[in-house]
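This is what each chain is made of:
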There are 2 protein chains.
Amino acid sequence: ALKSQGIDVAVFETSIDFADFKLMDNGLIPAVVQDYRTNEVLMVAYMNEESFRHTLETGKMTYYSRSRQELWCKGDTSGHYQYVKKLMIDCDNDTILAKVRQIGAACHTGNRSCFYRELASRDYVDTNPLTVLTEDYDVIRNR
Amino acid sequence: ALKSQGIDVAVFETSIDFADFKLMDNGLIPAVVQDYRTNEVLMVAYMNEESFRHTLETGKMTYYSRSRQELWCKGDTSGHYQYVKKLMIDCDNDTILAKVRQIGAACHTGNRSCFYRELASRDYVDTNPLTVLTEDYDVIRNR
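About the thresholds
- Residues numbered from 1 in each chain as written.
- Chains lettered and ligands numbered in written order.
- Predicted model: local features only at pLDDT ≥ 70, side-chain atom pairs only at ≥ 80, totals over all residues.
- Heavy atoms only, no water.
- Buried < 20%, exposed > 50% of the residue type's maximum accessible area, 1.4 Å probe, protein only.
- Helix = DSSP H or I, 4+ residues; strand = E, 2+ residues; numbered from the N terminus.
- Arc of directions from axis to C-beta.
- Contact = heavy atoms within 4.5 Å.
- Polar contact = N/O pair within 3.5 Å; in protein donor to acceptor, adjacent residues only side chain to side chain.
- Phe/Tyr/Trp six-rings, centres within 6.5 Å; stacked < 30°, edge-to-face > 60°.
- Lys NZ or Arg CZ within 6 Å of the ring centre and 35° of its normal.
- Salt bridge = Lys/Arg side-chain N within 4 Å of Asp/Glu carboxyl O.
- Least-squares fit on C-alpha atoms with pLDDT ≥ 70 in both.
- 1 Å grid on protein atoms, 1.4 Å probe; cavity = no way out; pocket = protein on both sides within 12 Å on 5 of 7 lines; lining within 4 Å.
- Points joined across faces, edges and corners; volume = space filled by probe spheres on them.
- Nonpolar A, V, L, I, M, F, W, Y, C, P; charged D, E, K, R; others polar.

A. Quick look at helix α1 (residues 49-58) of chain A. Among the residues of α1(A), those classed as buried are Ser51(A), Phe52(A), Thr55(A) and Leu56(A). Taken down its axis, α1(A) places every buried residue within 140° of arc, on the same side. Close packing links the buried residues of α1(A) with β2 (41-47), β3 (62-65), β4 (70-73), β5 (82-89) and β6 (96-102) of chain A together with β7 (117-121) of chain B. Positive phi shows up at Gly59(A), right after α1(A), with a value of about 75°.

What follows is the structure in structure tokens.
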């Protein structure tokens, strides 16, 4: 409303309203956060309507903290703000993808990304002469 | 158990058991799926213990379909398999990041990624001479 009067109230305007998002049972929507230059996935957090609006209005990623049950503008405590470059929505409106400029580290551990621990990797397969072709074999077999 | 007897039962072995993951209220854990070469985020889906085990055993991303309430080995219908390259876990054990080799399109719409629609973008700010410096201003002001 203010915007239509020429008053600049928001950094961003969304093409789809929050009301049209498909929320989880707890009323939140997950947001995957990605470095806008390297595409590194930094973290996943959750938004309610207020945090989504705050994100649009300030240009800084703002979540709903499930543990503290409050609005959480990331960086307000640590200085590690995430400046929004682009927000995407997926095909069924139930997940947000945010491309951001990350100041400092996204993770509270000091790691740039929260995903710094490996669960499993195919590297050993790729370097084992006995199994190096298994992936190609899988692809062909599945055709 | 079979593995300790030298019988190869799994493509992957996990460094953290599913029992140690922090699940959502519905017993699932979200998995962010990323192209292992370009880092493009392709989709987000959810796993239960059975789908996680199936993923490790087959090397193909397998989810729990919340809508169909059943195991969902992606590609079994479409041929668009996702071969696991690497699985990561985040700092608080509640989100999986999968780096995959995607066959065909990840999205049922035929788009390579489910995130093909833009909600909002800062591009207009970056090209507007009146506001081109607002981002730098924001960063400095927040220090």
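There's more to say after this.
B. Geometry of the side chain of Gln102(B). All names here are of chain B. Along the chain, Gln-102 turns up in strand β6 (residues 96-102). In terms of polar contacts, Gln-102 uses its side chain to reach the backbone carbonyl oxygen of Ala-105, at 3.4 Å. Leaving out residues up to four positions away in the same chain, Gln-102 has contacts with Leu-42, His-80, Tyr-81, Gln-82 and Arg-112.

C. Examining the packing of aromatic side chains more closely. Enumeration according to the criterion identifies 10 aromatic pairs over all chains in this entry. On the numbers, 5.8 Å between centres and 40° between planes, the contact of Phe18(A) with Phe52(A) is tilted. Of this pair, Phe18(A) sits in the segment before β1 (29-35) while Phe52(A) sits in helix α1, and the two are 34 residues apart along the sequence. A relative accessible area of 3% means that Phe52(A) is categorised as buried. In this structure an aromatic cluster arises from ring pairing among Phe18(A), Phe21(A) and Phe52(A). A cation over an aromatic ring shows up here: Lys85(A) above the ring of Tyr36(A), its NZ or CZ 4.8 Å from the ring centre. The ring centre of Tyr116(B) lies 5.9 Å from the NZ or CZ of Arg117(B), which sits over that ring.

D. Seen up close, the pattern of salt bridges. Under the criterion given, the structure shown has 10 salt bridges over all chains. In this structure, Glu40(B) engages Arg112(B) in a salt bridge whose closest nitrogen and oxygen atoms are separated by 3.6 Å. Remark: Arg112(B) occurs in the loop between β6 and β7 and Glu40(B) occurs in the loop between β1 (29-35) and β2 (41-47); sequence separation between them is 72 residues. The partly exposed category is assigned to Glu40(B), whose relative accessible area is 29%. Residue classification places Arg112(B) among the partly exposed positions, given a relative accessible area of 33%. Between Arg68(B) and Glu70(B) there is a salt bridge, with its nearest N and O atoms 3.2 Å apart. Taking the relative accessible area as the measure of exposure, Glu70(B) reaches 40% and is therefore partly exposed. Put simply, Asp35(A), Glu40(A) and Arg112(A) are held in one network by salt bridges that share partners.

E. Main features of the environment of Glu118(A). One can find Glu118(A) in strand β7 (residues 117-121). Apart from the residues lying within four places of it in its own chain, the contact partners of Glu118(A) are Ser15(B), Lys86(B), Leu87(B) and Met88(B).

F. Examining the interface of chain B and chain A more closely. Opposite the 60 residues of chain B that make contact, chain A presents 61 residues. There are four salt bridges connecting chain B and chain A. Here Arg66(B) makes a salt bridge to Asp94(A), at a shortest N to O gap of 3.2 Å. Across the chain B-chain A interface, the total number found is 25 residue pairs in polar contact (both at pLDDT 80 or more).

G. Geometry of the relation of the copies chain B and chain A. Of the transformation superimposing chain B on chain A, the axial component is 0.0 Å and the angular component is 180°, with the fit at an RMSD of 0.0 Å. Such values leave the two copies arranged in the relation of a two-fold axis. Judged by C-alpha distance, Asn39(B) is the residue of chain B that lies nearest the rotation axis, at 2.8 Å. Both copies present the same face, since 100% of the interface residues in chain B are matched by interface residues at the equivalent positions in chain A.

H. How the structure looks around the layout of surface pockets. As a volume, the largest pocket reaches approximately 1100 Å³. If you trace the largest pocket, you find 41 residues lining it, with Asp94(A), Val44(B), Ala45(B), Tyr46(B) and Arg66(B) closest to the centre. Where the lining of the largest pocket is concerned, the elements lending two or more residues are β2, β3 (62-65) and β4 (70-73) of chain B. Top contributing element to the lining of the largest pocket by residue count: β2(B), with four residues. Residue classes in the lining of the largest pocket are distributed as 18 nonpolar, 10 polar and 13 charged. As a volume, the second largest pocket reaches approximately 630 Å³. Taken together, 28 residues form the lining of the second largest pocket, with Met43(A), Arg68(A), Trp72(A), His108(A) and Asp92(B) sitting closest to its centre. At the level of elements, β2, β3 and β4 of chain A are the ones that each hand at least two residues to the lining of the second largest pocket. Looking at the lining of the second largest pocket residue by residue, the class counts come to 12 nonpolar, eight polar and eight charged.

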